[in-house]
Amino acid sequence: MIPQPVVTVDELNDFLWGAFPTPRGYRVDALTERGARLVMPIGDEHQRPGGTVSGPTMMGLTDGAAWLATLSRVGIVPLAVTSTLTIHFLEKPALVDLVAEAELLRLGARSSVTEVRITSGAGGPVVAIATVGYSIPA
C-alpha cells in the first residue's frame, strides 16, 4: 500500500527550486493517489534536430518525477538517489509542454520503484514510459 503524501505540492516545488544551482525546468503540478504529476514547459532549449523534444530532456523529467513522487511520501530526503532508470521512447513528441505521471509501484524503507508515463501535452499521446528505482538513505 502506498501511503498518503507527507508534504505538499508547494513544499516539493520550494525544495526543488532551491536544491539546484540552475532550475530543472519542471514543476510538481499535483500529488496523486499513488504518486505525482509534473509539467515541463518545452522551449527551444529542449529541441533536437528533427523538430522534437530531446531524449535527455525526457529522461531528466522522468527522473525528477520518480524522485519527487518518492519524496512526496517519505519527506524531503535530499540524498535519495536514482538506482535504476529504464525508459522506452514510444512516439515523437510535439514541441509542447510535457506531462509526467509518476506512479509508485513499491515504496519500502530503503527503496522505491516508480512507473513514469510522459505525454506530449495534457491528454496527448504517451511518448515515453519508464521504470525508475530510488535508493532512500536510512
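You'll find the structure just up there.
Definitions and cut-offs
Residues numbered from 1 in each chain as written. Predicted model: local features only at pLDDT ≥ 70, side-chain atom pairs only at ≥ 80, totals over all residues. Heavy atoms only, no water. Helix = DSSP H or I, 4+ residues; strand = E, 2+ residues; numbered from the N terminus. Rg over C-alpha atoms; globule rule 2.2 N^0.38 Å. Contact = heavy atoms within 4.5 Å. Areas by Shrake-Rupley, 256 points an atom, 1.4 Å probe, with all protein chains shown as cover. Lys, Arg positive; Asp, Glu negative; His and termini not counted. Charge placed at Lys NZ, Arg CZ, Asp CG, Glu CD. Core = buried A, V, L, I, M, F, W, Y, C linked by side-chain atoms within 4.5 Å. Buried < 20%, exposed > 50% of the residue type's maximum accessible area, 1.4 Å probe, protein only. Phe/Tyr/Trp six-rings, centres within 6.5 Å; stacked < 30°, edge-to-face > 60°.

Trainee: Lay out the overall build of the protein in plain terms, naming residues and giving numbers.
Mentor: Within the protein, the regular secondary structure consists of 2 helices and 8 strands. If you list the helices and strands of the protein from N to C, you get α-β-β-β-β-α-β-β-β-β. Relative to a compact globule of 138 residues, whose C-alpha radius of gyration would be 14 Å, the protein shows 14 Å and is just as compact. Projecting the C-alpha coordinates of the protein onto the three principal axes gives extents of approximately 45 × 30 × 25 Å. Counted over contacts in the protein with a minimum sequence separation of 6, partners at least 24 positions apart contribute 63%. Carbon and sulfur atoms make up 56% of the accessible area of the protein, which amounts to about 6900 Å² in all. Seen as two clouds, the 10 positive and the 13 negative side-chain charges of the protein have centres 7 Å apart.

Trainee: Can you lay out the nonpolar core for me, pointing to particular residues and giving the numbers?
Mentor: Within the largest apolar cluster, 34 residues are counted, with the highest numbers of intra-cluster contacts made by L38, L68 and I118. Elements that contribute at least two residues to this core include exactly α1 (9-19), β2 (35-40), α2 (55-74), β6 (98-107), β7 (111-120) and β8 (126-135). No other element matches the 8 residues that α2 contributes to this core. When neighbours within four sequence positions are excluded, L68 is seen to be in contact with L12, L16, Y26, V28 and L38.

Trainee: Summarise the environment of W17; cite the residues concerned and give the values.
Mentor: Here W17 shows up in helix α1. Placed 10 residues apart in sequence, W17 and R27 show a C-alpha to C-alpha distance of 8.7 Å. Excluding residues that lie within four positions of it along the chain, W17 makes contacts with Y26 and R27.

Trainee: Any details on the packing of aromatic side chains? Residues and values, ideally.
Mentor: Scanning all chains against the criterion turns up 2 aromatic pairs. Ring geometry for F15 against W67: centres 5.5 Å apart, planes inclined by 55°, an arrangement best described as tilted. Note that F15 is positioned in helix α1 and W67 in helix α2, a separation of 52 residues in sequence. Residue F15 shares its accessibility class with W67, and that shared class is buried. Relative to W67, the ring of F20 has its centre 5.9 Å away and its plane inclined at 70°; by these criteria the two rings are edge-to-face. Placement of F20 in the loop between α1 and β1 (27-31) and of W67 in helix α2 is noted, with a sequence separation of 47 residues between them. Judged by its relative accessible area of 7%, W67 is buried.

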